[in-house]
Amino acid sequence: MAEAKYLKILHRQHKSEEEAESGLAELRWIVLSTPCPSELRGWVWKIFLRLCTGVSSSCYIRLVHRGPSAMDTKIRNDTFRTMTTDANFIEHVSEDMLIRVLNAFVWISQQDSRAQDTSEELQFRATLLQKSTAQLTYVQGMNVLAAPFLMALPEMEAFFSFSTFLWRWCPLYVHPNLKGVHCGLKLVDMCLRALDPELYGYLLGKGLTANMYAFPSVLTFSACTPPLIEVLRLWDVMFAFGFHLNILYIVAQLNLARDDIINSSSPMKILRKLPPLRSQAIIQIAIASCKKLPPSLYESLVRHLYDERIAEDMGVQVTGISTVASISHKR
């Protein structure tokens, strides 16, 4: 029945932009109410990314044939430990696939055109960099961000979706100084204070802020916490309604572990290793939380992934290139 619901709208022909937007709105609510079948997930994600054209196998093959990028050593230092505890991921995604996608991302993100660039590469790069002044390359944590795409899509489509996602949806999260991530950490504290002032005050009294426990969850959009099948469900809803929801997902996880945190003599042990994801409960709490936030805070939440002015307004100061601890799966 779930598959039929999705196929009904996915196969619908739209005669105008208004009809297409109406169809997207309908699809969003279907995603929220009905878990997406795994065999349709990649299709649904590409629609939300508006990646219905421009996917070229020859373009990807050319990028792969260029071989290792300047970031290849850093990439390989991370890929071997990506989601090593998830049997389903290990079965479906090889390290070589991750290495190829991440190196290809580095190649396509280089803004200086080269003589060997094909027209397809130039066109896709122009699409990615449209209205952008960012300088992106591989940063630690991208291996975990690439993993869900390779679970949901064939390798070539995963590359185009992954690249589009980073450049168009959350460029500040993968900027070398990780400004969007640092902004997200501050927003975790601000949202927790607005939604659960008692828990916020308790953690603050222990000297605990999001910067101390939530960095991996913010950086990877919760993909660092198992199980991956629950991560994919969380991502379905974020593709539908926006990846700013991840901040509220983290607050929701704190809410679900609230009693354990407050009753623990060492709450940091719980915060450092949050319980396995319960996607449906997390989604329900997060969606309900949206209406409880002050409008100005919610607007900052939505825009912080791509708008540098939010970090400036919030006084987030980041200098140089940020480094992060090794991230794979917390278990």
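In the block above lies the structure referred to throughout.
1. Concerning the overall build of the protein
When helices and strands are tallied, the protein shows 21 helices and 0 strands. Taking the principal axes of the C-alpha coordinates as reference, the protein spans close to 60 × 45 × 40 Å. When burial is assessed residue by residue, the protein has 55% of its 331 residues classed as buried. Once local pairs closer than 6 in sequence are excluded, the contacts in the protein between residues at least 24 apart make up 79%. Accessible surface, the protein: about 15000 Å² in total, of which carbon and sulfur atoms supply 53%. Where the 34 positive side-chain charges of the protein centre and where its 31 negative ones centre are 4 Å apart.

2. Things to note about the packing of helix H11 (residues 179–195) against helix H20 (residues 295–303)
Between H11 and H20, whose axes approach to 11 Å, the crossing angle comes to 150°. By the angle between their axes, H11 is roughly antiparallel relative to H20. As for how H11 packs across H20, the hand of that crossing is left-handed. Between H11 and H20, the contacting residues are Leu187, Met190, Cys191 and Ala194 on the first element and Leu297, Ser300 and Leu301 on the second.

3. Some thoughts on unusual backbone geometry
Between Pro226 and Pro227 the backbone carries a cis peptide bond, its omega angle lying at 0°. For Pro227, the position within the fold is in the loop between helix H14 (215–219) and helix H15 (228–241). Phi at Phe221 takes a positive value of approximately 55°, unusual for a residue other than glycine. Position of Phe221 among the secondary structure elements: in the loop between H14 and H15. By relative accessible area, which is 0% here, Phe221 ends up buried.

4. Some details on the pattern of salt bridges
As enumerated under the stated definition, the model contains 16 salt bridges in all. The salt bridge involving Asp78 is made with Arg81; its shortest N-O contact spans 3.0 Å. According to the relative accessible area criterion, Asp78 is buried, its value standing at 5%. When salt bridges with common partners are traced through the structure, they connect Arg66, Asp117, Glu121 and Arg125 into a single cluster.

What counts, and where the lines are drawn
Residues numbered from 1 in each chain as written. Predicted model: local features only at pLDDT ≥ 70, side-chain atom pairs only at ≥ 80, totals over all residues. Heavy atoms only, no water. Helix = DSSP H or I, 4+ residues; strand = E, 2+ residues; numbered from the N terminus. Buried < 20%, exposed > 50% of the residue type's maximum accessible area, 1.4 Å probe, protein only. Contact = heavy atoms within 4.5 Å. Areas by Shrake-Rupley, 256 points an atom, 1.4 Å probe, with all protein chains shown as cover. Lys, Arg positive; Asp, Glu negative; His and termini not counted. Charge placed at Lys NZ, Arg CZ, Asp CG, Glu CD. Axes fitted to C-alpha atoms, helices over the stretch in contact; angles between N-to-C directions. Parallel < 35°, antiparallel > 145°, perpendicular 65-115°, else oblique. Left-handed = near helix turned anticlockwise from the far one by under 90°. Salt bridge = Lys/Arg side-chain N within 4 Å of Asp/Glu carboxyl O.

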